[in-house]
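In case you want the letters, here they are:
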Amino acid sequence: MRKIKSNFFMSLDGVVEAPDKWHFSYFDDEMGAAVSSGFETTDTLLMGRVLYDEWAAYWPEHADEPFGDVMNSMKKYVISDSLQSADWENSEVIDGDVAQKVKEIKAQEGGDISMSGSATTVRWLLRHGLVDELNLLVHPIAVGEGLGRLFSPEEPTMPLKLVRSEAFKSGVLNLSYGPAEA
C-alpha cells in the first residue's frame, strides 16, 4: 500500500506558515539532500486548496527551477469542497467522502504520496489515521506570533512515535514521526 508522507519546514515554536520569511537562511546541502530524498519514492502530490492555488499559479511558470519539472509532471490531488476544477497539469479535485477517496488512492498501485504545506489538511488526515509519516525540518528559530502553526491549541491529543532523527550542522533537526501504536 502507498504511504502518505507529509513534509514541513517548522520553527521551534511550531510555525509552518510563510517559511519564505524565516527558512531560507538555513537551507544548505544537507537540507537539500533531505528534501530531494523525500521525492525519491513519491509519484503523487496531495494538497489542500490554498496550497494548490499558490502552487498552480507558480510552478507552471517556473518549470526551469529546481523541482519545477517534477512538480508540474507529477499526479496531483487537491482536497477541496469549493474548487470546481483543477487546471494545473495532472491535477484532480477530491471532494465528497474525502477519507474514503484518499483510502482508495492509497490502495492504488504506485509510489508514495507526498504533502508539503497544507497544515489544515494534514491535521484532518492525521485525525482520520491517513498520514503514515510526518516529516519535520525543525529550524533553530522561534518565529513568534502572527503565523500559523502545525498544531493549534484546539487540536485533540495526537500521540506519534519517532521513526527517524538527524541533526544538521545548521542546527536544523530532521525528524520523522509515524502513528503511535494503538
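Throughout what follows, the structure given in this document is the object of discussion.

Cut-off values and rules
Residues numbered from 1 in each chain as written. Predicted model: local features only at pLDDT ≥ 70, side-chain atom pairs only at ≥ 80, totals over all residues. Heavy atoms only, no water. Helix = DSSP H or I, 4+ residues; strand = E, 2+ residues; numbered from the N terminus. Buried < 20%, exposed > 50% of the residue type's maximum accessible area, 1.4 Å probe, protein only. Contact = heavy atoms within 4.5 Å. Areas by Shrake-Rupley, 256 points an atom, 1.4 Å probe, with all protein chains shown as cover. Lys, Arg positive; Asp, Glu negative; His and termini not counted. Charge placed at Lys NZ, Arg CZ, Asp CG, Glu CD. Salt bridge = Lys/Arg side-chain N within 4 Å of Asp/Glu carboxyl O. Pairing = 2+ DSSP bridges. Axes fitted to C-alpha atoms, helices over the stretch in contact; angles between N-to-C directions.

### Description of the overall build of the protein chain
Okay, so step 1: In terms of regular secondary structure, the protein chain is built from five helices and eight strands.
Okay, so step 2: For the protein chain, the N- to C-terminal ordering of α and β elements is β-α-β-α-α-β-β-α-β-α-β-β-β.
Okay, so step 3: In terms of overall dimensions, the protein chain has C-alpha extents of about 45 × 40 × 30 Å along its principal axes.
Okay, so step 4: The buried share among the 182 residues of the protein chain stands at 43%.
Okay, so step 5: Across the protein chain, contacts joining residues at least 24 apart in sequence account for 68% of those joining residues at least 6 apart.
Okay, so step 6: Surface accessibility of the protein chain: about 9,800 Å² in total, with carbon and sulfur atoms responsible for 52%.
Okay, so step 7: For the protein chain, the distance from the average site of its 16 positive side-chain charges to the average site of its 30 negative ones is 6 Å.

### Details of the pattern of salt bridges
Okay, so step 1: In the structure shown here, the tally under the stated rule is eleven salt bridges.
Okay, so step 2: The salt bridge involving Lys-106 is made with Asp-132; its shortest N-O contact spans 2.9 Å. One end of the pair, Lys-106, is in helix 4 (residues 98–107); the other, Asp-132, is in the loop between helix 5 (119–127) and strand 6 (133–139), with 26 residues separating them in the sequence.
Okay, so step 3: Looking at Asp-132, the relative accessible area reads 24%, which means it is partly exposed.
Okay, so step 4: Note that Glu-155 is salt-bridged to Arg-123, the shortest N-O span being 3.5 Å. Of this pair, Glu-155 sits in the loop between strand 6 and strand 7 (160–167) while Arg-123 sits in helix 5, and the two are 32 residues apart along the sequence.
Okay, so step 5: Three or more residues are tied together by salt bridges with common partners; here these are Lys-5, Asp-112, Glu-133 and Arg-164.

### So, the side chain of Thr-121
Okay, so step 1: Mapped onto the fold, Thr-121 is located in helix 5.
Okay, so step 2: The exposure class of Thr-121 is buried, given its relative accessible area of 12%.
Okay, so step 3: The residues touching Thr-121, leaving out its near neighbours within four places in the chain, are Gly-48, Ile-79 and Met-115.

### Some details on the sheet that holds strand 8 (residues 173–179)
Okay, so step 1: If you trace the eight strands from one edge of the open sheet to the other, you get 4-3-2-5-1-6-8-7, paired in mixed fashion. Bordering the open sheet on either side are strand 4 (91–94) and strand 7, each of which pairs with just one other strand. Averaged over all adjacent pairs, the angle separating strand axes in this sheet is 25°, with direction ignored.
Okay, so step 2: Bridge count for strand 3 (residues 75–79) against strand 4 is four bridges, and the pairing is parallel. Bridging across to strand 4, Lys-76 finds its partner in Ser-91.

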